[in-house]
Amino acid sequence: MHTKTMEGLAGASTNMKLLNTPFRVYKDAERRGDTAVMERAMRYVGDFAEKAEDYQKKAEKGMEEDAKEAREKAKTEQENAIRKRKEEREELEKRIEESRNEDTDTVSISESGKVALDEKTDSVQTGADNGVSIEETADAANTEPVIYTNTGKAARPEPDATLSVSV
């Protein structure tokens, strides 16, 4: 809250409270019929009312300044956020561009490696896969599934177990 706003609100409140005393004197003088005291009390009431009005104007000015500062602050924060997003976008684009332009690794195979590769493809075609015969490979593919128990031992499924699924 702006200082003018606080000062204006406090001054207006105080003067409105102070206005009650001369007004009470005015009412008392009116009952007694004392016009001189009534006039003097009304001058005091008028003075306090004018001061309260002045403080009210001061408070309004302070509130306008508060609103203006709040708008400026919001505008600054918005500009900062836009600038930050723009920088982040530029940084991201830069990283994307770097990743596109980055040199990729190349693989080159030596002459001895090419010879070894040719030998391996020949051995695969003849069926000698690193000392494992075709029969052993076929046996491994045809084995029945094994279920392991909680203790880690293999348990064969029961041959007469039937499975039924109802939909």
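Residues numbered from 1 in each chain as written. Predicted model: local features only at pLDDT ≥ 70, side-chain atom pairs only at ≥ 80, totals over all residues. Heavy atoms only, no water.

(A) Here's a closer look at the overall build of the protein. From N to C terminus, the protein includes five helices and two strands. Listing every helix and strand of the protein by position from the N terminus yields α-α-α-α-α-β-β. Each of the 167 residues in the protein was classed as buried or not, and the buried ones make up 11%. Taking all contacts inside the protein whose residues are at least 6 apart in sequence as the whole, residues at least 24 apart take part in 57%. (Helix = DSSP H or I, 4+ residues; strand = E, 2+ residues; numbered from the N terminus. Buried < 20%, exposed > 50% of the residue type's maximum accessible area, 1.4 Å probe, protein only. Contact = heavy atoms within 4.5 Å.)

(B) The packing of helix α1 (residues 3–18) against helix α2 (residues 20–32), seen in detail. Look at α1 against α2: their axes get within 4 Å of each other, and the N-to-C directions meet at 20°. In terms of orientation, α1 and α2 fall into the roughly parallel class. Where α1 abuts α2, its residues Met 16, Lys 17 and Leu 18 lie against Asn 20, Thr 21 and Pro 22. Grouping the amino acids of the contact of α1 with α2 by side-chain chemistry returns three nonpolar, two polar and one charged. (Axes fitted to C-alpha atoms, helices over the stretch in contact; angles between N-to-C directions. Parallel < 35°, antiparallel > 145°, perpendicular 65-115°, else oblique. Nonpolar A, V, L, I, M, F, W, Y, C, P; charged D, E, K, R; others polar.)

(C) Here's a closer look at the packing of aromatic side chains. Taken as a whole, this structure holds one aromatic pair when the rule is applied. Both rings, one in Phe 23 and one in Tyr 26, keep their centres 6.2 Å apart while their planes meet at 20°; by these two values the pair is stacked. Of this pair, Phe 23 and Tyr 26 both sit in helix α2, three residues apart, roughly one helical turn. (Phe/Tyr/Trp six-rings, centres within 6.5 Å; stacked < 30°, edge-to-face > 60°.)

(D) Quick peek at the nonpolar core. If you look at the biggest cluster of nonpolar residues, it comprises five residues: Tyr 26, Ala 29, Val 37, Met 38 and Ala 41. For this core, the secondary structure elements donating two or more residues are α2 and α3 (35–101). At three residues, the largest contribution of residues to this core is made by α3. (Core = buried A, V, L, I, M, F, W, Y, C linked by side-chain atoms within 4.5 Å.)

(E) Geometry of the pattern of salt bridges. Per the stated rule, a full pass over the model turns up eight salt bridges. With its nearest N and O atoms 3.3 Å apart, the salt bridge here joins Lys 4 to Glu 65. With Lys 4 in helix α1 and Glu 65 in helix α3, the pair connects residues that are 61 residues apart, well separated along the chain. Overall, Glu 65 belongs to the partly exposed group, its relative accessible area being 27%. Connected through salt bridges with shared partners, the residues Asp 28, Arg 31 and Arg 32 form a single ionic network. (Salt bridge = Lys/Arg side-chain N within 4 Å of Asp/Glu carboxyl O.)

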